[in-house]
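Structure at a glance
So you can see what is in the structure, the chains are spelled out below.
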Amino acid sequence: MLAAEDASADVWREFRPRPRRVSLFEMARRMLWNPRLNETLFVLSCAERLVETPTAHSEDQILAGIARDLDSSAGWLVFRLVFVRREGEALAREVLFQSRPRRLADIAAR
Amino acid sequence: MSFETAARLTEILLALALIQQSLEHLAGPARERPLFLLRIALCVAVVAGWAAPWALAGLAALSLVTLHRFQGPYNGGADRMGLLALWCLTAARLAPAPQWRELAFGYLGLQLMLSYFISGWVKVVNPDWRSGRALRDVFQFSAYPVAEDLRGWANRPGALRAMSWAVMSFELAFPLTLLSLPSLAVGLCAAAIFHLANACLFGLNRFFWTWLAAYPPILWLQHRFF
């Protein structure tokens, strides 16, 4: 999140990091009720679409998904897509997309 | 299994799968709720047998609106199979002659068989799948594992190679299960366990319910031709 449109983005937060562990009960519950993870998977597919064939729809959906997790509607939101791939035995990370800052109040999240 | 029993069972299972998905969408953005409330109402009509086959046709029409809303499938392969099942079933109900109805319904069964076989073929021609490396990558750094603890599986290359070959062997051998009803029943149980494992490890719960809905057509197809 940015305080102003022209502020520099120095600190990035991971989108919905996975929990350390998930119990068997929780796995069973998610067979019938799993909206959050399914929305996360949709945001991931929008990220893949954005890199392959950029559209405003994909960018808007990702921004909306992130904004839904935020309590505040003040400030500006910017996201970047970091793709991980294997190179030999090492993992390489590459930023393939960075959105332009968008005012949180303008994002149709809810 | 008769055509009518299989088609009715598919309708009910698919409508229940769509209700489950729609309820999840109701927890999402408010602007999507009317679309999914309408879908739930149509699914209830399908399960109850009201306004047949128009409730099913309504669901098929609504699927186009949903595709437009998300600019494609919301949930990848699960949505694609759900759409295929919905459109085949609608065609099977609306087609004017029995042979066209059977063709549409049988096509769904055939696609179910191919969904496993082609998936197995794509894997077996990939050296990374044959060595277990692809599955290792999935656990090590893909976005799919539901918990960080599961990434520890990436450090078990022997187990992952065995799992890769078990999955590939099952998928490639699946067409042979059509030779008899008992072998098909065993194959479908194994497939359901495979989808259940994917749902638990990677959160792909929609795949489980959607593929389950497409089992009656292949059971009917087996009965019809073997």
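To keep things clear, this report deals only with the structure shown in the data block. In this text the structure is predicted, and so the values were computed from the model without any measurement. (Residues numbered from 1 in each chain as written. Chains lettered and ligands numbered in written order. Predicted model: local features only at pLDDT ≥ 70, side-chain atom pairs only at ≥ 80, totals over all residues.)

Here we take up the overall build of chain A. Summing up its helical and strand segments, chain A has 3 helices and 4 strands in all. Dimensions of chain A, computed from the C-alpha atoms along their principal axes, are close to 45 × 40 × 25 Å. Counting only residues that meet the buried cut, chain A has 19% of its 110 residues in that class. Restricting the contact set of chain A to residue pairs at least 6 apart, pairs at least 24 apart contribute 57%. (Helix = DSSP H or I, 4+ residues; strand = E, 2+ residues; numbered from the N terminus. Buried ≥ 20, exposed ≤ 12 C-beta atoms within 10 Å, placed from the backbone. Contact = placed C-beta atoms within 7 Å.)

This part covers the nonpolar core. Residues and elements named next belong to chain B. Of all hydrophobic cores here, the largest spans 44 residues; its most connected members are Leu14, Ala85, Leu89 and Ala214. Taken together, the elements giving at least two residues each to this core come down to α1 (3–26), α2 (33–48), α3 (54–69), α4 (76–94), α5 (98–124), α9 (181–202), α10 (205–213) and α11 (215–225). Of all the elements, α1 adds the most residues to this core, at 8 residues. Not counting the four nearest positions on each side in its chain, Leu14 is found in contact with Ala85, Leu86, Leu89 and Ala213. (Core = buried A, V, L, I, M, F, W, Y, C linked by C-beta atoms within 7 Å.)

Now for unusual backbone geometry. All names here are of chain B. With an omega of 0 degrees, the peptide bond between Ala52 and Pro53 qualifies as cis. By the secondary structure assignment, Pro53 is in the loop between α2 and α3. Of note, Ala51 is a non-glycine position whose phi angle comes to about 50 degrees, a positive value. Even without glycine at this site, Gln71 takes up a positive phi of about 55 degrees.

So, about the interface of chain A and chain B. Where the parts come together, the accessible area they lose is often given as the size of the interface. The interface is formed by 26 residues belonging to chain A together with 24 residues belonging to chain B. Taken together, the elements giving at least two residues each to the side of chain A that touches chain B come down to α1 (24–30), α2 (35–52), α3 (56–68) and β2 (80–87) of chain A.

Bringing the environment of Leu50(A) into the picture now. All names here are of chain A. Note that Leu50 resides in helix α2. Between the alpha carbons of Leu50 and Leu63 there is a distance of 12 Å; along the sequence they are 13 residues apart. With residues near it in sequence (within four places) discarded, Leu50 still touches Ser58, Glu59, Leu81 and Phe97.

All names here are of chain B. Close contact between α4 and α10 brings their axes to 9 Å; oriented N to C, the two are set at 25 degrees. As judged from the angle between their axes, α4 and α10 are roughly parallel. Crossing hand, α4 versus α10: left-handed. Only Arg206, Phe207, Thr210, Trp211 and Ala213 of α10 make contact with α4, whose side of the interface consists of Gly77, Ala78, Met81, Gly82 and Ala85. Counted by class, the contact of α4 with α10 contains 6 nonpolar, 3 polar and 1 charged residues. (Axes fitted to C-alpha atoms, helices over the stretch in contact; angles between N-to-C directions. Parallel < 35°, antiparallel > 145°, perpendicular 65-115°, else oblique. Left-handed = near helix turned anticlockwise from the far one by under 90°. Nonpolar A, V, L, I, M, F, W, Y, C, P; charged D, E, K, R; others polar.)

Glancing now at α10(B). Most of α10(B) sits out of view: 8 of its 9 residues are buried. Of the residues making up α10(B), those classed as buried are Asn205(B), Arg206(B), Phe207(B), Phe208(B), Trp209(B), Thr210(B), Trp211(B) and Ala213(B). Considering only its buried residues, α10(B) is in contact with α1 and α2 of chain A together with α1, α4 and α9 of chain B.

Residue and element names in this part refer to chain B. The contact between α1 and α2 brings their axes to 9 Å, and the two run at 155 degrees. Here α1 lies roughly antiparallel to α2, going by the angle between them. α1 and α2 meet at a crossing whose hand is left-handed. Residues Glu11, Ile12, Ala15, Leu16, Leu18, Ile19, Ser22, His25 and Leu26 of α1 form the contact with α2, whose own contacting residues are Arg33, Phe36, Arg39, Ile40, Cys43, Val46 and Val47. Of the residues belonging to the contact of α1 with α2, the class tally is 11 nonpolar, 2 polar and 3 charged.

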